[in-house]
Amino acid sequence: MSETTIERASRKTRKGTVVSKSGDKSIVVSVERRLLHPVYGKVVKAHRKYHTHDENNTAKVGDTVVIMETRPLSKLKRWRLVSIEEK
């Protein structure tokens, strides 16, 4: 067998706003994306909420944050906080 390095796939990242501080070490982040309506051609906003792990309880409601996909941490948490972009 030859020595080869297997690279792990890059994890998804999202940028959004903290909308709720739900318990210890948990936040809810709303991520907005803009897409073109298929029939009318108007740009519409779509939102999605992600339950996120915040290890140090640093994020506050209203902060702009970057989150990254991770292994399942609880029933709903599949994302973790990477950095706080704007307080």
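Just above sits the structure.
The following paragraphs examine the structure supplied in this document. (Residues numbered from 1 in each chain as written. Predicted model: local features only at pLDDT ≥ 70, side-chain atom pairs only at ≥ 80, totals over all residues. Heavy atoms only, no water.)

Some thoughts on the overall build of the protein
Cut-off, in case you're wondering: Helix numbering and strand numbering both begin at the N terminus, where a helix is a DSSP run of H or I of at least 4 residues and a strand a DSSP run of E of at least 2. Radius of gyration: C-alpha atoms only; globule rule: 2.2 Å multiplied by the number of residues to the exponent 0.38. Residues count as neighbours in contact if any of their non-hydrogen atoms are within 4.5 Å of one another. We get accessible surface area from the Shrake-Rupley algorithm with a probe of 1.4 Å; when it comes to residues, only the shown protein chains can shield them.
Secondary structure assignment for the protein yields zero helices and five strands. Reading the helices (α) and strands (β) of the protein from amino to carboxyl end gives β-β-β-β-β. In terms of overall dimensions, the protein is more spread out than a globule: its C-alpha atoms have a radius of gyration of 16 Å, far above the 12 Å expected for 87 residues. With respect to the three principal axes, the spread of C-alpha positions in the protein is 55 × 40 × 25 Å. Long-range pairs, those at least 24 residues apart, make up 46% of the contacts in the protein between residues at least 6 apart in sequence. Carbon and sulfur atoms provide 50% of the accessible area of the protein, an area that totals close to 6,800 Å².

Thoughts on the side chain of Thr70
Within the element layout of this structure, Thr70 appears in the loop between strand E4 (64-69) and strand E5 (79-86). Residues within four places of Thr70 in sequence aside, it is in contact with Arg11, Arg78, Trp79 and Arg80.

Re the sheet that holds E5
Worth spelling out the cut-off: Strands qualify as paired when DSSP identifies two bridges or more between them. Orientation is described by axes fitted as lines to C-alpha atoms, over the contacting stretch for helices, and by angles from 0 to 180 degrees between their N-to-C directions.
Ordered by their spatial adjacency, five strands build a closed barrel running E1-E2-E3-E5-E4, and the pairing between neighbours is mixed. Between one strand and the next, the sheet's axes are offset by a mean angle of 45°, whatever the strand orientation.

A short note on the pairing of strand E1 (residues 13-20)
Two faces, one strand: in a regular strand the side chains alternate between the faces of the sheet. Note that E1 and E4 share five bridges and pair antiparallel. The residue of E4 that forms the bridge with Gly16 is Val65. Across three bridges, the pairing between E1 and strand E2 (residues 26-36) is antiparallel. Pairing of Val18 across the sheet is with Val29, part of E2. In this antiparallel pair of consecutive strands, E1 and E2, the connection spans five residues, and Gly23 shows a positive phi of 90°.

Observations concerning the nonpolar core
Basically, it comes down to this: Working definition of a nonpolar core: buried Ala, Val, Leu, Ile, Met, Phe, Trp, Tyr and Cys residues. They are joined through side-chain atoms within 4.5 Å. Each residue gets one of three labels from its accessible area relative to the maximum for its type: buried under 20%, exposed over 50%, partly exposed in between, using a 1.4 Å probe on protein chains only.
Counting residues in each nonpolar core, the largest one holds 10 residues, listed as Val18, Ile27, Val29, Val31, Tyr50, Ala59, Val65, Ile67, Trp79 and Leu81. Mapped by element, the contributors of at least two residues to this core are E2, E4 and E5. Not counting chain neighbours up to four residues away, the residues in contact with Ile27 comprise Val18, Ser20, Lys21, Ser22, Tyr50, His51, Thr52, Asp54, Ala59 and Leu81.

Quick word on the pattern of salt bridges
Rules: Just to be clear on terms, a salt bridge is a Lys or Arg side-chain nitrogen sitting within 4 Å of an Asp or Glu carboxyl oxygen.
The final tally for this structure, using the stated rule, is three salt bridges. Residue Lys12 pairs with Glu69 through a salt bridge whose shortest N-O separation is 3.9 Å. Within this pair, whereas Lys12 is found in the segment before E1, its partner Glu69 is found in strand E4, the two being separated by 57 residues in sequence. Classification of Lys12 by relative accessible area gives partly exposed; the value is 45%.

Section: the pairing of E5
For strand E3 (residues 43-53) and E5, the ladder comprises two bridges, and the chain directions are parallel. Pairing of Thr52 across the sheet is with Trp79, part of E5. For E4 and E5, the ladder comprises six bridges, and the chain directions are antiparallel. By the bridge assignment for E5, Met68 is matched with Arg80.

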